[in-house]
Every structure is written in structure tokens, then in C-alpha cells.
Amino acid sequence: MNSVILKAGARYLAGLLLIFSIYMLLRGHNEPGGGFIGGLTGATGFILFAIASGTKDARLALRVEPQSIAMVGLGIALLAGLVAAIFGDDLFTGQWLFLGGNEVEKGLPISTVLVFDIGVYLVVFGSVLTLLFAMEEEI
Amino acid sequence: MEALLALAIGFLVGTSVYLMLSRNVLRFIFGLVLISNAANLIIFVGGRLIVGAPPLIVEGALAPAGIVANALPQALVLTAIVIGFGLFAFALVLMFRTYSTLGTLFSDQMRVAEPRENFET
Amino acid sequence: MDQQERTEDRSALIIGILPVLMSSVLFLWFLGFVPQIAEGLVIRSEFGWVPSLGISFSFVLDGLSLTFALLISGIGSLVFLYSNTYLSRHAHFSRFVMFLFAFMLSMLGLVLADNLILLFIFWELTTITSYLLIGFGHETANGRRSALQALFVTGAGALAMLAGFILLGLTIGSFELSEILDQSDKIQSSGAYELILLLILAGTFTKSAQFPFHFWLPNAMAAPTPVSSFLHSATMVKAGVYLMARLHPGFAGTELWLWTLTIFGAVTAVLASILAIRQTDLKLALAYTTLMALGTLTLFLGQESGYAMTAFATFLIVHSLYKASLFLVVGCIDHTTGTRDADVLGGLGRYMPITTVAAALAAMSMAGFPPFLGFIGKELKYAGALGVASEPVLVAGAVLAANALMFTVAGIVAFRPFWQNRKASLPRSPREAPWQMVIGPLILAVLGTAFGLYPDVLERSLVAPTVASLLGSIEDTKKLTLWAGVNLPLILSLLTVITGLLLYWQHQFLRAQLSDILAQLPSFDRGWDHFLGALKLVAFWQTRLIQPGLLHHYLFATFATVWAGLTLAILYGGIDFRFPNMAKISLQGAAVILLVVGGAAVTTVTTSRITAMAALGVVGIGVAMIFIVFSAPDVAITQLLVETLVVVLVAVALLRLPRLDVERSRSRIYDAALAVGVGTLVSFIVLAVVSQPFDRRVTDYFETVSWPEAFGRNIVNVILVDFRALDTFGEVVVVAVAALSAYALLRVTAQSKQKR
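Since this is a predicted model, take the numbers as computed values, not measurements.

Draft legend 1. Spotlight on the overall build of chain B. The helix and strand tally for chain B stands at three helices and zero strands. What you see in chain B, going N to C, is helices and strands ordered as α-α-α. Within the span of chain B, comprising 121 residues, buried residues form 60% of the whole. Relative to all contacts within chain B whose residues are 6 or more apart in sequence, the contacts with residues 24 or more apart total 54%. Entry remark: accessible area of chain B is about 4500 Å², with carbon and sulfur atoms responsible for 66%.

Draft legend 2. Looking closely at the interface of chain B and chain C. Every contact between the two is made by 90 residues of chain B and, on the other side, 103 residues of chain C. Interface area for chain B against chain C, summed over the two sides, is near 8900 Å², with a carbon-plus-sulfur share of 75%. Where chain B touches chain C, the interface holds one salt bridge. When the shortest N-O distance is used, the salt bridge between Arg713 of chain C and Glu59 of chain B registers 3.1 Å. Between the two partners, chain B and chain C, sit 20 residue pairs in polar contact (both at pLDDT 80 or more). Listing elements by their share of the side of chain B that touches chain C, those giving two or more residues are α1 (2-20), α2 (25-46) and α3 (71-102) of chain B. In terms of residue count, α3 of chain B provides more of the side of chain B that touches chain C than any other element does, 23 residues in total. By residue class, the composition of the side of chain B that touches chain C is 64 nonpolar, 16 polar and ten charged.

Draft legend 3. Examining the interface of chain A and chain B more closely. Counting residues at the interface gives nine residues for chain A and nine residues for chain B. Carbon and sulfur atoms make up 93% of the area that chain A and chain B hide from each other, which totals about 830 Å². Ranking the residues of chain A by area buried against chain B places Phe36, Leu131 and Ile139 of chain A at the top, with a combined share of 50%. In this assembly, chain A and chain B are joined by zero salt bridges. Counting across the chain A and chain B interface gives zero residue pairs in polar contact (both at pLDDT 80 or more).

Draft legend 4. Spotlight on helix α14 (residues 282-301) of chain C. Residues and elements named next belong to chain C. With 20 residues, α14 should cover 28 Å at 1.5 Å per step; its first-to-last C-alpha distance of 29 Å lies within 8% of that length. Taken across its 20 residues, α14 has 19 buried, putting it largely inside the fold. Two or three places before Lys283, at the start of α14, stands the capping residue Asp281, its side-chain oxygen 2.9 Å from that residue's backbone nitrogen.

Draft legend 5. The arrangement of the pairing of strand β1 (residues 43-50) of chain C in detail. Residues and elements named next belong to chain C. Taken together, the seven bridges between β1 and strand β2 (residues 55-61) define a ladder with antiparallel strand orientation. Note on β2: the bridge partner recorded for Glu46 is Ser58. The turn linking β1 back onto β2 is made up of four residues, and Gly54 within it adopts a positive phi angle of 75 degrees.

Draft legend 6. Summary view of the packing of aromatic side chains. One pass over the structure, following the stated rule, counts 27 aromatic pairs over all chains. Look at Phe46 of chain A and Phe49 of chain A: their rings are 6.5 Å apart centre to centre, the planes differ by 85 degrees, and that puts the pair in the edge-to-face class. Of this pair, Phe46 of chain A and Phe49 of chain A both sit in helix α2 (residues 35-53), three residues apart, which is roughly one turn of that helix. Each member of the pair, Phe46 of chain A as well as Phe49 of chain A, is classed as buried. Centroid distance Phe152 of chain C to Trp528 of chain C: 6.2 Å. Interplanar angle 50 degrees. Geometry classified as tilted. Residue Phe152 of chain C is found in helix α6 (residues 141-172), and its partner Trp528 of chain C is found in helix α24 (residues 524-546); the two are separated by 376 residues along the sequence. The rings of Phe152, Phe211, Phe215, Phe524, Trp528 and Phe531 of chain C are connected pair by pair, giving a single aromatic cluster. A cation over a ring is seen here: Lys381 of chain C above Phe315 of chain C, with NZ or CZ 3.8 Å from the ring centre.

Draft legend 7. Broad picture of the confidence of the model for chain B. For chain B, the mean per-residue pLDDT works out to 87, and 95% of the residues sit at or above 70. Predicted complex metrics record ipTM = 0.93 and pTM = 0.68.

Draft legend 8. Up close: the pattern of salt bridges. Tallying each qualifying case throughout the model produces 18 salt bridges over all chains. Among the ionic pairs, Asp62 of chain C bridges to Arg246 of chain C, the shortest N-O distance being 2.9 Å. Linking Asp62 of chain C in the loop between β2 and α3 (63-86) with Arg246 of chain C in helix α12 (residues 238-251), this pair joins segments that are 184 residues apart in sequence. Members of the salt-bridge network, linked through shared partners, are Arg59, Glu65 and Glu137 of chain A together with Arg747 of chain C.

Draft legend 9. Region of interest: the nonpolar core. Formed by 181 residues in total, the largest nonpolar core has its most connected members in Trp216 and Phe251 of chain C. Both domains that furnish three or more residues to this core are identified here as domain 1 (1-251) and domain 2 (253-505) of chain C. Setting aside residues up to four positions removed in sequence, Phe251 of chain C forms contacts with Leu168, Ile187, Gln188, Tyr193, Ile196, Leu197, Ile200 and Trp257 of chain C. Counting residues in each nonpolar core, the second largest holds 127 residues, with Ala43 of chain A, Ala6 of chain B together with Phe559 and Ile593 of chain C among its members.

Draft legend 10. The arrangement of unusual backbone geometry in detail. Residues and elements named next belong to chain C. In this chain, Phe211 is followed by Pro212 through a cis amide linkage whose omega measures 5 degrees. Within the secondary structure, Pro212 sits in the loop between α9 (193-207) and α10 (216-219). Not every positive phi belongs to a glycine, and Ser631 is a case in point at roughly 60 degrees. Mapped onto the fold, Ser631 is located in the loop between α27 (609-629) and α28 (633-654). Phi is positive for Phe711, close to 55 degrees, though the residue is something other than glycine. On the secondary structure map, Phe711 appears in the loop between α30 (697-710) and α31 (715-723).

Draft legend 11. Summary view of the packing of α9 of chain C against α12 of chain C. Residues and elements named next belong to chain C. Where α9 contacts α12, the axes come no closer than 7 Å and their chain directions differ by 155 degrees. Accordingly, the angle class assigned to the pair α9 and α12 is roughly antiparallel. As for how α9 packs across α12, the hand of that crossing is left-handed. Contacts between α9 and α12 involve Tyr193, Ile196, Leu197, Ile200, Leu201, Thr204, Phe205 and Lys207 from the first element and Ala239, Gly240, Leu243, Met244, Leu247 and Phe251 from the second. For the contact of α9 with α12, the residue count by class is eleven nonpolar, two polar and one charged.

Draft legend 12. Expanded view of the environment of Ala252 of chain C. On the secondary structure map, Ala252 of chain C appears in the loop between α12 and α13 (255-278). For the pair Ala252 of chain C and Gln188 of chain C, spaced 64 residues apart in sequence, the C-alpha separation works out to 8.9 Å.

Draft legend 13. Quick look at helix α1 (residues 4-27) of chain A. All names here are of chain A. Look at α1: 35 Å from first C-alpha to last across 24 residues, which is about the 34 Å you get at 1.5 Å a residue. Taking the largest bend as the criterion, α1 deviates by roughly 30 degrees, centred on Ala10. Residues of α1 that are buried include every one of Ala10, Ala14, Ser21, Met24 and Leu25, and no others.

Draft legend 14. Representation of the packing of helix α3 (residues 55-62) of chain A against helix α5 (residues 112-138) of chain A within the structure. All names here are of chain A. One way to put it is that α3 packs onto α5 with a least axis distance of 10 Å and a crossing angle of 150 degrees. Taken together, α3 and α5 sit at an angle that is classed as roughly antiparallel. Crossing of α3 over α5 shows left-handed handedness. Contacts from Thr55, Ala58, Arg59 and Leu62 in α3 reach Phe125, Leu129, Phe133, Ala134, Glu136 and Glu137 in α5.

Draft legend 15. Region of interest: a nonpolar patch on the surface. The grouping of Leu595, Val618, Ile621, Met625, Ile628 and Leu640 of chain C at the surface amounts to a nonpolar patch, some 440 Å² of accessible area in total. Examining the composition of the nonpolar patch, we find that four residues originate from one element, α27 of chain C, more than from any other.

Rules used throughout
- Residues numbered from 1 in each chain as written.
- Chains lettered and ligands numbered in written order.
- Predicted model: local features only at pLDDT ≥ 70, side-chain atom pairs only at ≥ 80, totals over all residues.
- Heavy atoms only, no water.
- Helix = DSSP H or I, 4+ residues; strand = E, 2+ residues; numbered from the N terminus.
- Buried < 20%, exposed > 50% of the residue type's maximum accessible area, 1.4 Å probe, protein only.
- Contact = heavy atoms within 4.5 Å.
- Areas by Shrake-Rupley, 256 points an atom, 1.4 Å probe, with all protein chains shown as cover.
- Buried area = accessible area lost by both parts, 1.4 Å probe.
- Salt bridge = Lys/Arg side-chain N within 4 Å of Asp/Glu carboxyl O.
- Polar contact = N/O pair within 3.5 Å; in protein donor to acceptor, adjacent residues only side chain to side chain.
- Nonpolar A, V, L, I, M, F, W, Y, C, P; charged D, E, K, R; others polar.
- Expected span 1.5 Å × (residues − 1).
- Pairing = 2+ DSSP bridges.
- Phe/Tyr/Trp six-rings, centres within 6.5 Å; stacked < 30°, edge-to-face > 60°.
- Lys NZ or Arg CZ within 6 Å of the ring centre and 35° of its normal.
- pLDDT = per-residue confidence, 0-100.
- Core = buried A, V, L, I, M, F, W, Y, C linked by side-chain atoms within 4.5 Å.
- Domains from an automatic or database assignment.
- Axes fitted to C-alpha atoms, helices over the stretch in contact; angles between N-to-C directions.
- Parallel < 35°, antiparallel > 145°, perpendicular 65-115°, else oblique.
- Left-handed = near helix turned anticlockwise from the far one by under 90°.
- Bend = angle between axes of the 7 residues up to and from the residue.
- Patch = residues over 30% accessible without salt bridge, like charges linked within 9 Å, V, L, I, M, F, W, Y side chains within 5 Å.

Following this line, the structure appears as C-alpha cells:
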């Protein structure tokens, strides 16, 4: 596509969508959002960029192969599930750690559940991009 | 409201069956998209419909106040949508490859795996 | 000879020598048991395998199994030595040795096994190794056909036999032969006795090539000669006979046992002897006499008298010795002259003196001349046959006919090629075969002579213990002796010799006559081809019926089955259906639903790709709106995002595809009817589901513990990443696999296209 406006705009829009996707991912546990929605949003941003500037530039901007992202995501999700075994729980049981907590405030939560959701995000993001880049290039 | 949606689901399933029975694989894919939607709606409606009360817990509360929409079918449908997308994309790619290799979209003419050969004794 | 060939030769030497050593060691080891077994000892050993099913590695060594074990390992070591020369130049020599050794071990397992299931496993192993060995010359169509035929016939019989074994095991409550055979009353009085017996006999008759399953054995002669000598004469084909002998204590004594074995054994023996005369190929002639021997052995196993059992045990050993020897002799002749045709061969005695001696000794034993072991065997056979209480004349007549014909075949195989004048020139000039090939037949033939001169040794060491395994004690063993005085068996022997000589004198004429007669009769071998052809036709027909290769057929069948199954379930299972309350319909909801229905309808009828794409988009957005209206924000967002991606994908692919056609096929009416049926049914079921009272227990649980235990206020997300995280993990794996498969489909095929 040879639209200058789209090309210029897509660059910023893609960045915005990526940041928004991470926002959706992180707030997912308490508000609508989460790994699936975040991953899809992030992928949409990159696809917009790919449509405007071509998949070659999009791949360059991504720096890593999308299928590697998906595989890393699978690994992260699996590890997050396996951590529970160290603490003697059943697999995929959420483990929580609250940083700086006191009696009133619980503190900053760090959890395997969030790690798992990040894994989901990466799998969805990587898989969708794998598909779409391949289709754009080969068809 | 559930009743009306049930009728709509039946209509969706009917149209998708008709499309999937077509000899044109492109129509088959359309049917696949429709039947995925119908399946998601069946799960969703099975958990009953509630207007204006998403399954969220207000900050400070321990549990949702009053009756909220059923969260379980929503979780099931959410993943089903993503998987349905994966299936659709794969089917589309498969169809495209088939078309570029065999030069036809008609399933009756796709006879590479099960050729119409004659039996030799 | 270059370096590589030399190393190959050396490795072939090692490959060839090892099995000779191993089987000789085995033979000597078994020989060491002879004194103990002769005293009446029975040695058992057992290791657990699948104790819950009553399957164990249990082995038993008694007279019967020791006799077989000695024959197998003894003849085995001679055959291995023989093959070292016979086949050493063959490209697949090491493969051959491996098959043959595997066969020998399975055969030993078979005769030593005390557990029915274990026995069956070894039985099948011999079937498979036999298949591989018959098909060793797989380059020829005949080799492949013969191998497959043997596999099918014996394999089918073995399956029936397995059913019989299982029935037997369940009836008695144990799979251990030593326990089963003690309870012959229980076996014979059980209602399943006839069925068990017939099923097991199906296995033994196919394995031992009894009429009407005899046709595979002559075809098995496609195998290399050492194999024919070892498997299809001395050992494997006797597995069926072995099993009948093994089961004799438990099963014999009924009319069914007596007459089945006697009649089939007699028919096989006589028929095979007649067919043997017709052959000009020495190997085939021997193959038919093997059939005759198997028939005779079966016939004797039908009886229960001491004479019959002694005759069985003696003839078993006699036959293995002379037949293996004669096969190996034929192999020597074939190896050095290049032909096995009885009409061509002649005058070899001068060039192959040692082979001639071996052949003469073995053939005299076969023909039943004194003082060879064959003579004693024959006398015992007549005594045994005359001992058949009900029909002595019939049985003795059958044995007489078979023996006389065997006398003739002995002359054809071992006399004519060596002594008669040659009529045609040979492909290669004859000379003595190498010592490795001559020594085997010579040892076997000399053993047949030695045992004939000193029958006591054989009687005490092997015959009596074998009879004891069959009848329970060695008391019933009859004396093995060369001279028993002038009696009826001796007179019958004289009659045999006279008839045999007459037949030999006229055998050329007889052969011509037989060929004419047999050409008129239906052949089992051709029947087999018809049978296989019909089987293939049926398979083809039913495959095409179920699998026409049309997607439409498959989908129509699938949907029709779903429809019929659900309808039947509703009709017979009943369904609690209340007509729903249509009052609570909101305008907003109705509008969205109308949008979905409209989109689906347009997708179905349009012939434009763009319209269809847009209509699908409308359906997707409509569904997303349903999720929004009914309080599912997460699902709605996901649906909208996916809908966007679908549009992108379709936009990329769809416009490169051809336009949609207009469908005017008549069969679309049936499709529409089925679609209406399935749609109506689904509506009905969903209506029935939603009119039921709702059980919120699971949802209530998630709602109450979502924050206190899982620290999340978005219940949907908490379910996804915490409560049901394993499911979610499975689902993302599916997504990743779908993406990678699609990627591979595009990339790999695109690359191969570039290469082209």
C-alpha cells in the first residue's frame, strides 16, 4: 500500500497499540483484559504496521521471528505452571508473593499467574503474527 | 430472551450445515466460521443471559454484589474464539494451498488421496 | 580378490560359524538331560510375566519336548553348517542366518513352553520367521506368493487356535499346560470341549499342512533348500503334530478326537503319496512325502494304544533323520549340477560318491529296508494300525498304500539320479559337494542306520520317555526290534516292498496318467487364488462404499448421523421441554439477533465473495454485540479483535480465489432439508436446555473465592489463568500448533515450488 499518511500514522498507531496491549495484559486480573486480549491487540498493531510498510519492515521492527516468540511464550506459561510443583502444590496452582506488604496494604503482588498470562500473551501474539506474515508473504 | 437466541442459533447451525455441504470449499469455510459462532453462542446461552452485570468484583468487596453474569461459560467461550480463529486460519491456508496446487475449489475434483482408480485383479 | 571382498568373506565366515557353534552347544546341553528324562523326570522352570492374566514364562522338559529339542538343535547345527557353503555367496547371507537362527530359537521355545499363551507367541514367531524364510527369494513373484500363502493359512489357523486356548484356559482356570492336562475329565465333560478341540485343530492342521490345508507346504519349497530341510520337513511343520501330541493326554479318548485325526491324517497321507509320484522336481516330490509323513503322524495321534504311540515316537525321529538328510542331498545335487529335475538327472554315483552313500542310506531308511530304523518304524506303524480297535483294515490299508508309494518316491529321489543312465546333459558337470554340505546328510543318514542296528539305545533314551509324556508311563512302550518273528506286520512289509517295486517300475506311466487326471480335478492352489481375488474384490467394494473420496458424502453422513442419533435419543430418552416465555424480549436484544440472522442468510445465498465476506463480518460483529449486551466484556473484546483479524486474513486470501459459482444442483435440495433438520433440532435442544432450572453452584464457587483466594477481581480472567490454567495452557498450545502448521504449509510448499 502506498499511502504516505497511513505509513506515517501506522508507525505511531502500532506503538500505541503495543503499549495499550501491555496495559490490557497487566490489568487483566482485575478489569476486562488479559493475555488473550492483550496478545490480539498487540498483533493487530503489528499487522497495521505490516500493511502500511510491508512485512519486511515489520519483521525488522520485531527483531525476532514471531514463531520464536510463540515458542518462548509456551515455555514461559509451562514454567509458570511448573513452579507450583516446587512448593508442593498441584501443577498450575497460582503462587503469590506480596512485596512491601503491611497490615493495611497487601503490597505489590508478584505471581506466577501473571507470568502465565504473559506466556499466553506471547503465544497469541507470536502465533497470529506467524500466520499473517506468512500469508502476506506467500499468497 | 434465551428463547429467541435459541431460535437464532438454530438458524445459524442450519445455514452453516447447508454451506458446509456445498461442493465449493470456499462455502465450506464460510460454514465453518458460522458454526464456530453458533457453538460459542450455545455455550454462552447455556450459562443463561444477564443484562448489565459483568462478572467483576468491585474494589473493596469480597464477592460480586448481587447476581452477575455467569463467568464460567465466558471463560470457555473466550478461549474457544481464539482457537476457532486458529482453526479458521489453518483451514483457509489449506484451502488456498489446495487451490494453487490442484487449480480447483470443488471438493469432488480433489482426488489425490483417494483417486477414482479402477480395481486391478 | 580385493580387500573389501576379503573382509566381507571373513565376516560371512564369522556370521556363519557362530550359529553352528551356538546350536551345537544347545544340542549338547539338551543331550545332557537325556539320562534324567529317561528315568522319568520332568523338569519345569517358571518366571512370572503377566501374573494377573495367568501368563508366565514357564518351560517344561519331558520326553516329548526333549525329543523335539534334540531334533531342532541337532538338525539345526547341521543345517547352519550346510548353509555356510550353500548360501555364503548370497548378498543377504547374514539376513538369512539371522532369520534361521530366530526361527530355531522360537521353535525351541514352542516345544518347551508350558504356558498356552507363551506357546502361542512362539508359535506365531515360527510363522513369521517361516514367512521371511519362504520369501527369502522375494525378487520372484512366486516366492512372494508362496510366503504370503503360508503366512495367511497358518496365521488364520493360529488365530482360531488362540481362541481355543483362551476358551480352554477359562474352562480349566489356568493357562499352564501341566495343570490343564491333568484334568482330562474336566476338559472332556465341559460343554465347550468340541469347540475348543476344533479351534485348536484348526491351528494344528494348518500348521502341519493336513488336508484340506495341505497346499501351502509344496509352495513353501520356494525357500532355499536348507530352509525346506529344516523348517518344512524336520521341525516347523511338526509343530502342529507336536501340539496334538502335547494335548493328547488331556483330549484323546473321545470319538471326535479319534475320528477327526484318523480320517484327516489318513486322507492326507494317501493323497500326498499319490501326488508325490507325479512330481519330477526332486524337492517337490520330497515335500509331498513330508505331507504323507505328517498325515501318518496325525493318524497315530488319534489312537491311544501303546503300539500307536511307540510308532508315533519312532516314526517322528526316523522321518526327521531321513527326510532332512534327503533334502540336503537334493540341495547338494542342485548346487553342483544346477538342476533338480528327475527326468534329467542320472549317473551321479560316479562323481558324487559320499553324497551317494548318504542318499542311499537315507533312502533305504525311508523305503523301510532292514536293518535301518525306517524298517522298525514301518513294522511299528503296521502294528499300531492293526491295533486300531474299530477299523484296523481301513487304517492298515491307508498306511500300506502310503508306505508303498513312499518306497517308490525313495527310489525316484535317491536311486535314479545316482544309478540310472543319464538321458539329457546337465547344466553343470557333476562333482562332489564341499565337505560342509556333505557331512550333514551323511551324519543324519548314518544315525538312521546306527539306530536301526541298536534300537535299544533310542528306545530307552527318547522313545520311551516320549510315550510316557503321551500315555503317562513308559510301561506301554513297545519293543523296538529288527526281528519280531514272522507276524502280520512282517507280511505287510513284504507286500509293501513288492507293491513299491511294481510302482517304481511303472512310475513314468503312472505319472503321465496322474497328470491327466489331476488336470481335470479342481486344484486347491488355484482355489486359493480365487479366494484371495474374491477377498480383494469385496474389500475394494466395501472401501469404495464407505470411502467414496467425496467430502460431500462424508459430511452428509456425519450430519445425518448426528441428526438421527440426537433425534432417537430424544424420542426414546425423553426430554423435559417447556415452551419458553417470549415476553421478556428486549428490543435491543432482538435487533442484534436479527443482525446475526440476516448476516447468516446473506452469506448462504450470495454469489459474491465481497458480499459473503461482509455478511460474515456482520455476523461476527452481531455476536460480539450479543456478548456486550449480555455482560461479557472480555469475550466481546476478544470477538471484535478476532473479527478484525479474520477480515485481514480473508482480504489477503479471498480475492486471489475464483468467484463463487451459482449452485443449481438437484442434490442441494437434500442438503437444504438436512440443514433445516439439524438447525431445528439444535434450536429445540437449546430451548429445552434453557427452560430448565439453572444450577449455579460452580459459578458461585468461583465468585466467592476469586478475590479471597486468587486475588483477582475479573472472575473470567481468574478462571482462565488460575482455576483452569491447565486447560488454558492446552488451548494456547493448540493455537501455536495451528499457526505453525499453517506456516509450514505455506513455507514448505512455496520453497518446493521455487526449486522446481
